[in-house]
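Listed below are the residues making up each chain.
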Amino acid sequence: MTVTILHKAGDRFHVRNERADSYFSFSFGDLYREDRLGFGALRVLNDDVVSPGAGFGSHPHDNMEIITIMVNGEITHSDSLGNEGIARPGRLQIISAGSGIFHSEYNKGAALSANNLQIWVYPNQLNTPPGYRQADYVYPTPLNEWQVILEPLGAAAGDPATGQNAVTQENTGKLRQDAWFNLARISKGTSLRYPIKKAGNGVYIFVIEGRLTVEKETLGRRDGLGVSGDEAPEVFAEEDAEVLLMDIPMVNLL
Amino acid sequence: MNVANETGEQPVHVLVIGKDPAILQTVLRLLNDFKKARYHAVGTTEPEQARELFSNMPVDLVLITNGLDRVTDASLREWLVQRRPGIPILQHYGGGSGLLFNEITYFLSHRKS
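Residues numbered from 1 in each chain as written. Chains lettered and ligands numbered in written order. Predicted model: local features only at pLDDT ≥ 70, side-chain atom pairs only at ≥ 80, totals over all residues. Heavy atoms only, no water.

**Observations concerning helix 1 (residues 21–31) of chain B**
Next up, step 1: Every buried residue of helix 1 of chain B is accounted for by I23, L24, T26, V27, L28, L30 and L31 of chain B.
Next up, step 2: For helix 1 of chain B, the capping residue at the N-terminal end is D20 of chain B, with a side-chain oxygen 2.9 Å from the backbone nitrogen of A22 of chain B. (Buried < 20%, exposed > 50% of the residue type's maximum accessible area, 1.4 Å probe, protein only. Helix = DSSP H or I, 4+ residues; strand = E, 2+ residues; numbered from the N terminus. Polar contact = N/O pair within 3.5 Å; in protein donor to acceptor, adjacent residues only side chain to side chain.)

**Some remarks on helix 3 (residues 70–83) of chain B**
All names here are of chain B.
Next up, step 1: The terminal C-alpha atoms of helix 3 lie 20 Å apart, and with 14 residues this matches the ideal 20 Å at 1.5 Å per residue to within 8%.
Next up, step 2: If you check which residues of helix 3 are buried, you get D73, L76 and L80. Axial view of helix 3: buried residues confined to an arc of 70 degrees, hence all on one face. Turned more than 90 degrees off the buried face of helix 3, the exposed positions are R70, V71 and Q82.
Next up, step 3: Its buried side turned inward, helix 3 meets strand 1 (12–17), helix 2 (47–56), strand 3 (61–64) and strand 4 (89–91).
Next up, step 4: Capping of helix 3 at its N-terminal end is provided by D69; its side-chain oxygen lies 3.1 Å from the backbone amide nitrogen of V71. (Expected span 1.5 Å × (residues − 1). Arc of directions from axis to C-beta. Contact = heavy atoms within 4.5 Å.)

**Let's talk about the pairing of strand 15 (residues 180–186) of chain A**
All names here are of chain A.
Next up, step 1: Among the 7 residues that make up strand 15, 6 are buried, leaving the element largely enclosed by the rest of the structure.
Next up, step 2: Here strand 13 (residues 147–152) pairs with strand 15 via 3 bridges, running antiparallel. Paired with V148 across the bridge in strand 15 is N182.
Next up, step 3: Pairing geometry for strand 15 and strand 22 (residues 241–248), over 7 bridges, is antiparallel. The residue of strand 22 that forms the bridge with N182 is L245. (Pairing = 2+ DSSP bridges.)

**Points about the interface of chain B and chain A**
Next up, step 1: Taken together, the contacts link 26 residues of chain B with 27 residues of chain A.
Next up, step 2: Ranking the residues of chain B by area buried against chain A places Y93, N102 and Y106 of chain B at the top, with a combined share of 31%.
Next up, step 3: Between the two partners, chain B and chain A, sit 0 salt bridges.
Next up, step 4: Our enumeration of links across chain B and chain A arrives at 12 residue pairs in polar contact (both at pLDDT 80 or more).
Next up, step 5: Of all the secondary-structure elements, those providing two or more residues to the side of chain B that touches chain A are helix 1 and helix 4 (97–112) of chain B.
Next up, step 6: Per-element accounting of the side of chain B that touches chain A gives the leading share, 10 residues, to helix 4 of chain B. (Buried area = accessible area lost by both parts, 1.4 Å probe. Salt bridge = Lys/Arg side-chain N within 4 Å of Asp/Glu carboxyl O.)

**Remarks on the nonpolar core**
Residue and element names in this part refer to chain A.
Next up, step 1: Counting 42 residues, the largest nonpolar core has I69, I119, F181 and L244 as the members making the most contacts within it.
Next up, step 2: With near-sequence residues (within four places) excluded, F181 lies in contact with I67, I69, I119, V121, Q147, V148, I149, L150, L244, L245, M246 and I248.
Next up, step 3: Counting 20 residues, the second largest nonpolar core, distinct from the first, contains L192, V203, L225 and V243. (Core = buried A, V, L, I, M, F, W, Y, C linked by side-chain atoms within 4.5 Å.)

**With respect to the environment of T4 of chain A**
All names here are of chain A.
Next up, step 1: By secondary structure assignment, the location of T4 is in strand 1 (residues 2–7).
Next up, step 2: Each C-alpha atom, one on T4 and one on V203, is 9.9 Å from the other, the two residues being 199 residues apart in sequence.
Next up, step 3: Not counting the four nearest positions on each side in its chain, T4 is found in contact with F39, G226, V227 and S228.

**Section: the pattern of salt bridges**
Next up, step 1: Under the counting rule described, the total for this entry stands at 18 salt bridges over all chains.
Next up, step 2: Ionic pairing is found between E46 of chain B and K19 of chain B, a salt bridge with its closest N-O pair at 3.7 Å. Of this pair, E46 of chain B sits in the loop between strand 2 (39–44) and helix 2 while K19 of chain B sits in the loop between strand 1 and helix 1; the two residues are 27 residues apart in sequence, bridging distant segments of the chain.
Next up, step 3: In this structure K19 of chain B comes out as partly exposed when scored by relative accessible area, which is 34%.
Next up, step 4: Linking R51 of chain B and E48 of chain B is a salt bridge whose minimum nitrogen-to-oxygen distance equals 3.7 Å. Taken together, the residues R51 of chain B and E48 of chain B, both in helix 2 and 3 residues apart, mark about one turn of the helix.
Next up, step 5: Exposure remark for R51 of chain B: the relative accessible area of 15% places this residue in the buried category.
Next up, step 6: The structure contains a network of salt bridges with shared partners spanning R12, D47, E209, R221 and R222 of chain A.

**Examining the sheet that holds strand 2 (residues 13–16) of chain A**
Residues and elements named next belong to chain A.
Next up, step 1: Strands sit in the order 2-3-4-11-6-9-12 across an open sheet of 7 strands; the sheet is antiparallel. A single partner strand is all that each edge strand has here, and the edge strands are strand 2 and strand 12 (131–136). Pairs of neighbouring strands in the sheet enclose a mean axial angle of 20 degrees, with direction left out of account.
Next up, step 2: Where strand 4 (residues 42–50) lies against strand 11 (residues 114–121), 8 bridges are found, and the strand directions are antiparallel. Bridge pairing in strand 11 places V44 opposite W120. (Axes fitted to C-alpha atoms, helices over the stretch in contact; angles between N-to-C directions.)

**What to know about the pairing of strand 3 of chain B**
Residue and element names in this part refer to chain B.
Next up, step 1: Here strand 3 shows a buried face lined by L61 and L63 and a second buried face lined by V62 and I64.
Next up, step 2: Taken together, the 4 bridges between strand 1 and strand 3 define a ladder with parallel strand orientation. Bridge pairing links L15 to V62 in strand 3.
Next up, step 3: Two elements, strand 3 and strand 4, share 3 bridges in a ladder whose sense is parallel. Bridging across to strand 4, I64 finds its partner in Q91.

The following block contains the structure:
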């Protein structure tokens, strides 16, 4: 494996206002660095702490797969398709923006902040019908094994033909890209190898909590590392850790 | 409109084409932020009107947002390139403020180099 990008937590973009305290691993909004324009089809990884009672009012999206993974708290979703939903730890949500959708996301809790990872992945097809999906996964995740929480739409028998507005009760969400998202809790001193699902894909590893070593790089809380190559990367927990691993096509759309 | 912005530079003229009127208006509003005055954007949901605007207005960059079917998209791009080969045509992803300025900054900086 070859390390292609290393994003230390403290080297992320930082934006703070009354609604959220946000760290961006990649260029976003007005914030721009040319070496931070994505990792293959992974374009956005925003680590948002949304203030109690605050959130993001109705705004549009198109042609993007927008995944929300909650670290703690809850976010209430509504959209122009008439969908409503709540994302929480153990329940992720996917917006397939497709040909266009408006949505809002609020932390309706009066007292507690909500920490979520909002992740944008370029779709593998433009202008599909927009959709909103949820998926329930086992949480906390089992110890020392990868749990697939998101996989390509059509990867499993019985997937809906379009993926539109299917609120699933399965433990694997679906997105319109040849990408797989995995969560793991890894005990101190344990190694986990990750077999890449599709030849040519890269792997982006984001440390939610704890400390890891990957390809001789030590990663702390909220550090990110992108690697590519044919071998299965190995993750070693220097201390108890929770990690998100994204298996991503290395397409370049710029 | 050719008003110089606060740094004395001419704004970048952007032609935006997308089928969803609400998203188109959002993108235009973002680009036409007069406080920065970096961009002057006009837009349309209709490819035929896009051709007309492209023929009759200064355009530095074409931004295609959402909803064009493949045939229409390909035909329009071909026409634009034939008409004025040096004008970048950018596929905008995300439909809002998240990537808009990043994409334009990247394309314009690479056009200059």
